[in-house]
2 protein chains.
Amino acid sequence: MKTLKYSRQRESIKSCLMARHDHPTADALYTSIREEYPNISLGTVYRNLNLLVELGEIQKLTCGDGADHFDADTSPHYHFVCRDCGQVYDLPLKTLDNINQLAQEYAAGHVDSHTIFFYGTCKNCLKKNLQ
Amino acid sequence: MKTLKYSRQRESIKSCLMARHDHPTADALYTSIREEYPNISLGTVYRNLNLLVELGEIQKLTCGDGADHFDADTSPHYHFVCRDCGQVYDLPLKTLDNINQLAQEYAAGHVDSHTIFFYGTCKNCLKKNLQ
DNA sequence: GTCCCTGCAAATCCTTTGCACTCCT
DNA sequence: AGGAGTGCAAAGGATTTGCAGGGAC
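A quick note: this is a predicted structure, and the numbers were derived from the prediction, not measured.

Caption draft 1: The arrangement of the pairing of strand β4 (residues 88–91) of chain A in detail. Residue and element names in this part refer to chain A. Bridge count between strand β3 (residues 78–82) and β4: 4 bridges; the pairing is antiparallel. Considered in β4, the bridge of Phe80 is made with Tyr89. Where β3 folds back on β4, the antiparallel hairpin that results is connected by 5 residues, among which Gly86 adopts a positive phi of roughly 85 degrees.

Caption draft 2: Here's a closer look at helix α1 (residues 8–19) of chain A. All names here are of chain A. In a regular helix each residue adds 1.5 Å, so 12 residues correspond to 16 Å; α1 covers 16 Å between its end C-alpha atoms and thus fits that length. Where α1 is concerned, the buried positions are Arg10, Ser12, Ile13, Cys16 and Leu17. One face of α1 carries all of its buried residues, which in axial projection span an arc of 160 degrees. Residues of α1 that are exposed and point over 90 degrees away from its buried face: Arg8, Met18 and Ala19. Where α1 is buried, its residues meet α2 (26–34), α3 (42–54) and β2 (69–71).

Caption draft 3: Seen up close, the interface of chain B and chain A. At the interface, 31 residues of chain B touch 31 residues of chain A. Buried surface at the junction of chain B and chain A, summed over both partners, amounts to about 2600 Å²; 68% is from carbon and sulfur atoms. By the criterion of area lost to chain A, the three top residues of chain B are Tyr106(B), Ala108(B) and Phe118(B), representing 18% of everything that side buries. With a shortest N-O distance of 2.8 Å, Asp112(A) and Arg83(B) are connected by a salt bridge. In this assembly, chain B and chain A are joined by 12 residue pairs in polar contact (both at pLDDT 80 or more). Only α4 (97–106), β5 (109–122) and α5 (123–130) of chain B provide two or more residues apiece to the side of chain B that touches chain A. Among the residues making up the side of chain B that touches chain A, the classes are represented as 18 nonpolar, 10 polar and 3 charged. Relative to β5(B), strand β5 (residues 109–122) of chain A runs antiparallel, the two being bridged by 13 bridges. Within β5(B), the position partnered with Phe118(A) by the bridge is His114(B).

Caption draft 4: Structural detail: the protein's contact with DNA strand C. Lys5(A), Ser7(A), Arg10(A), Thr44(A) and Tyr46(B) are the nearest of the 23 residues found near DNA strand C. Counting only the atoms of DNA strand C within 4 Å of the protein, the fraction contributed by sugar and phosphate is 76%. Tyr6(B) has a polar backbone atom sitting 3.5 Å from a phosphate oxygen of DNA strand C. At a separation of 2.9 Å, a phosphate oxygen of DNA strand C approaches a polar side-chain atom of Asn50(B). Secondary structure elements with two or more residues in the surface near DNA strand C: α1 and α3 of chain A together with α3 (42–54) of chain B.

Caption draft 5: The packing of aromatic side chains, seen in detail. All names here are of chain A. Here the structure, examined in full by the defined rule, presents 4 aromatic pairs over all chains. For the pair Phe117 and Tyr119, a centre-to-centre distance of 6.4 Å together with 40 degrees between the ring planes defines the contact as tilted. The buried category is assigned to Phe117, whose relative accessible area is 5%.

The rules behind the values
Residues numbered from 1 in each chain as written. Chains lettered and ligands numbered in written order. Predicted model: local features only at pLDDT ≥ 70, side-chain atom pairs only at ≥ 80, totals over all residues. Heavy atoms only, no water. Pairing = 2+ DSSP bridges. Helix = DSSP H or I, 4+ residues; strand = E, 2+ residues; numbered from the N terminus. Expected span 1.5 Å × (residues − 1). Buried < 20%, exposed > 50% of the residue type's maximum accessible area, 1.4 Å probe, protein only. Arc of directions from axis to C-beta. Contact = heavy atoms within 4.5 Å. Buried area = accessible area lost by both parts, 1.4 Å probe. Salt bridge = Lys/Arg side-chain N within 4 Å of Asp/Glu carboxyl O. Polar contact = N/O pair within 3.5 Å; in protein donor to acceptor, adjacent residues only side chain to side chain. Nonpolar A, V, L, I, M, F, W, Y, C, P; charged D, E, K, R; others polar. Near = heavy atom within 4 Å. Phe/Tyr/Trp six-rings, centres within 6.5 Å; stacked < 30°, edge-to-face > 60°.

Written out as structure tokens, the structure is:
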């Protein structure tokens, strides 16, 4: 068990992520944080994001668009990814509580979590495409 | 619409993937195919895998372990990923037909597909961990 | 003082791409 | 012949890591 020391960078990363309603990539967050801490490095952002994921304080979303996204909301919920603009949205779809148990029966082992991503075109892009 | 020409490499990649019960990464498939075609290049494997995905003949699985995996089974089904050994297993869990429609109501746009990944420890690794 | 954390840059991993050449059709 | 496909190697993007210095406790 390693001891954790305070760092203003980590605080900033965490609060910046919590303040955002989207699900930024490490790089997007880095750009954002640079406004307050112009000297922070991308490596530090990655290191702290991974640390926060390990601590269970944030969530990493691998939706398949190249870069991982991060989410300060760790409560179980699902995501909608727009293939046109790349935005990742939360879905207030209630958790399928029984689905892990259902999977458990078929999985050759122990299931402890699951992810669901929906893909399609968001309203903004649907509108844009009509023009 | 581009014309498609036969290539023994593409045939080999496709049949090699269909013959496997696991869900290999591009690199794993490359190693496998090299036994038959020692001169095939990794670039060709990637190019053809992407082409086959576009044609809808195979499926790309981005489960978040670094490299994409590929699956010759394009029928809708879900996957179990062992965090210990990295194996990706099929789950004979029946499709949640209504889930896309359910998501549709909350998604700000049009949903056309979804992916579900379960994570945990497979039987082999559970056994190994006890020793 | 100790040890964690940082900035920086180099390294690593996975994937894509440019180019000259080869093989289908 | 024409153009799609290939091998090779270099480029690309995302993420990690080694190191020397800085900050928390």
